[in-house]
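Topology and contacts: notes
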Amino acid sequence: MTSFTPPLRGNNRHLPFGDQQDSAFYGKDIISVKQFDRKQLEYIFGVAHEMYEMVARVGSFDLLKGKILANLFYEPSTRTSSSFTSAMERLGGSVIPINNVKFSSVTKGESLPDTVRTLEAYADVIVLRHPEVGSAALAAKYARKPVINAGDGTGEHPTQALLDLFTIQEELGRVDGLTVTMMGDLKYGRTVHSLARLLTLFDIKLNYVSPKLLQMPSEIIDEISQSGTEQSSHNDLNTVLPETDVLYVTRVQKERFEDTAQHETLKGSYVVTTETMTQAKEEMVVMHPLPRVWEIDMAVDDDPRAAYFRQMEYGLYIRMALLAMVLGKS
Ligand code: NCD
């Protein structure tokens, strides 16, 4: 979000009760997990709790009545786009869904900055998913309204990391002191890039389990080591499973491979089965940002430690909280 103040904004001095326009999040973009500190995370989780209670009690309420969200998706999405839609609608706002850019002016060659400047004329906040790293930061540079990064290529997926962290906190009651094992496609998976960074704010241990070709990028490993967080790479889950509190599994990101034959050879490298679960702690969780392809056997779904479907629901409350906060209504 640029610091430029649009001419139409100067008249909101007399705010109705409930507005929080002096809050740290009002009018802010959410581009990277690097922008958060622990105090802010606590605040977001507190608001998410309130959202949970409100949804349980009344389903929807009018906190964001009159506000409009532009949901701009240049890549496929089921959970992220529909949870943002649900979040906005449960808060009484409405949504402009653009998830098939084939039918928008993007196919006429419109640039991302122009598309964003168009949508903000109609909407109060823009949620963007785009295949290029840095696209959300670029959009935010041109936008006057808040931009929320819903995934920029292999870069970051900050709202997913927030909901992942919230899931860990809710399911295990704490984050400090835990061992988190990330397994699967750590090279292209943006969710693990964001989550690993966010976890450096806590006293945790990180294990990476992946085939050699899909290892966590060295820049991220370097960044994490600067924070002093203990991390280590493995190619066999069995060596770290017994100490694991959170097993975070990702799918191989097929769409990011230039060489499809390579994808075929890596397919099926690591699969969590009921047999795997017999080696895991009794108090632990298996998480996955979803979609799952083959990396967690469906038989594992019945295990109470399988948290991936609950994780999806936590995402609704986190996204409700974020929308309320950036729109100054938390
Ligand atoms: C993830 C994504 O898009 O990065 N999905 C999601 O947002 N829940 C993970 C993935 O696609 O594998």
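Now for a description of the structure that goes with this document. (Residues numbered from 1 in each chain as written. Predicted model: local features only at pLDDT ≥ 70, side-chain atom pairs only at ≥ 80, totals over all residues. Heavy atoms only, no water.)

A look at the layout of surface pockets
Where empty space is left in the structure can be found by rolling a water-sized probe over the atoms. Of the voids in this model, the largest pocket is the one considered here, and its volume is about 560 Å³. What lines the largest pocket is a set of 31 residues, and nearest its centre among them are Arg79, Thr80, Arg129, Leu290 and Pro291. Contributions of two or more residues to the lining of the largest pocket are made by helix H2 (79–90), helix H5 (158–172), helix H6 (190–199) and helix H10 (308–326). Looking at the lining of the largest pocket element by element, the count peaks at seven residues for H10. (1 Å grid on protein atoms, 1.4 Å probe; cavity = no way out; pocket = protein on both sides within 12 Å on 5 of 7 lines; lining within 4 Å. Points joined across faces, edges and corners; volume = space filled by probe spheres on them. Helix = DSSP H or I, 4+ residues; strand = E, 2+ residues; numbered from the N terminus.)

Describing the pattern of salt bridges
For the structure shown, the criterion picks out 15 salt bridges. Between Arg38 and Asp176 there is a salt bridge; the shortest N-O distance is 2.8 Å. A residue pair is termed long-range when its members are at least 10 positions apart, and Arg38 in helix H1 (residues 38–58) and Asp176 in the loop between H5 and strand E5 (179–183) qualify at 138 residues. Judged by relative accessible area, which is 32%, Asp176 ranks as partly exposed. (Salt bridge = Lys/Arg side-chain N within 4 Å of Asp/Glu carboxyl O. Buried < 20%, exposed > 50% of the residue type's maximum accessible area, 1.4 Å probe, protein only.)

A word on empty space enclosed by the protein
A full pass over the atoms with the stated rule returns one cavity of 30 Å³ or more. Taken as a whole, the largest cavity encloses approximately 50 Å³ of empty space. Every residue along the wall of the largest cavity is listed here: Met183, Gly184, Asp185, Pro211, Leu214, Val249, Thr250, Val252, Ser269, Tyr270, Trp294 and Glu295. Here the residues of the lining of the largest cavity sort into seven nonpolar, three polar and two charged. (Nonpolar A, V, L, I, M, F, W, Y, C, P; charged D, E, K, R; others polar.)

Let's talk about the sheet that holds strand E9 (residues 285–287)
Where strands meet in a sheet, backbone hydrogen bonds hold them as pairs that are either parallel or antiparallel. Strand order in the open sheet made by the five strands is E7-E6-E5-E8-E9, with parallel pairing throughout. Only two strands of the sheet have a single neighbouring strand rather than two, namely strand E7 (230–234) and E9. Along the sheet, successive strands turn relative to each other by an average axial angle of 20°, direction set aside. Direction of pairing for strand E6 (residues 205–209) relative to E7: parallel, over a ladder of five bridges. Bridging from a neighbouring strand, Tyr208 pairs with Ser233 of E7. Across the sheet, H5 lies against strand E8 (246–249) and E9, angled at about 165° from E9, the strand it touches most. Of the strands in this sheet, E6 and E7 are in contact with helix H7 (residues 218–226), which crosses E7 at around 150°. (Pairing = 2+ DSSP bridges. Axes fitted to C-alpha atoms, helices over the stretch in contact; angles between N-to-C directions. Contact = heavy atoms within 4.5 Å.)

With respect to the site of the ligand
Around the ligand, a shell composed of Thr80, Arg129, His157, Gln160, Arg190, Thr191, Arg251, Gln253, Pro289, Leu290 and Pro291 is seen. Within the side chain of His157, a nitrogen or oxygen atom sits 2.8 Å from an oxygen atom of the ligand. Spatially, the ligand is embedded in the largest pocket. Residues belonging to the shell around the ligand are distributed by class as follows: three nonpolar, five polar and three charged. (Near = heavy atom within 4 Å. Polar contact = N/O pair within 3.5 Å; in protein donor to acceptor, adjacent residues only side chain to side chain. Sits in = over half its atoms within 2 Å of the grid points.)

Here we look at the sheet that holds strand E2 (residues 94–98)
Here we have four strands laid out as an open sheet, ordered E2-E1-E3-E4, and parallel in their pairing. Of all the strands in the sheet, the pair left with one neighbour each is E2 and strand E4 (147–152). Averaged over all neighbouring strand pairs, the angle between strand axes comes to 15°, with direction disregarded. Pairing analysis gives five bridges linking strand E1 (residues 68–73) to strand E3 (residues 125–130), with the strands arranged parallel. From the neighbouring strand, Ala70 faces E3, where its bridge partner is Ile126. Helix-sheet contacts for helix H4 (residues 135–142) involve E3 and E4, and the interaxial angle to E4 is about 160°.

Some details on H1
The end-to-end C-alpha distance of H1, which contains 21 residues, comes to 30 Å, matching closely the 30 Å that a straight helix rising 1.5 Å per residue would cover. Of the residues making up H1, those classed as buried are Gln40, Leu41, Ile44, Phe45, Val47, Ala48, Met51 and Val55. For H1, the angular spread of the buried residues around the axis is 165°, confining them to a single face. Facing away from the buried surface of H1 by more than 90 degrees, the exposed residues are Lys39, Glu42, Glu50, Ala56 and Arg57. Capping the start of H1, Asp37 holds a side-chain oxygen 3.2 Å from the backbone nitrogen of Lys39, two or three residues further along. Downstream of H1 by a residue or two, Gly59 has a phi angle that is positive, lying close to 85°. (Expected span 1.5 Å × (residues − 1). Arc of directions from axis to C-beta.)

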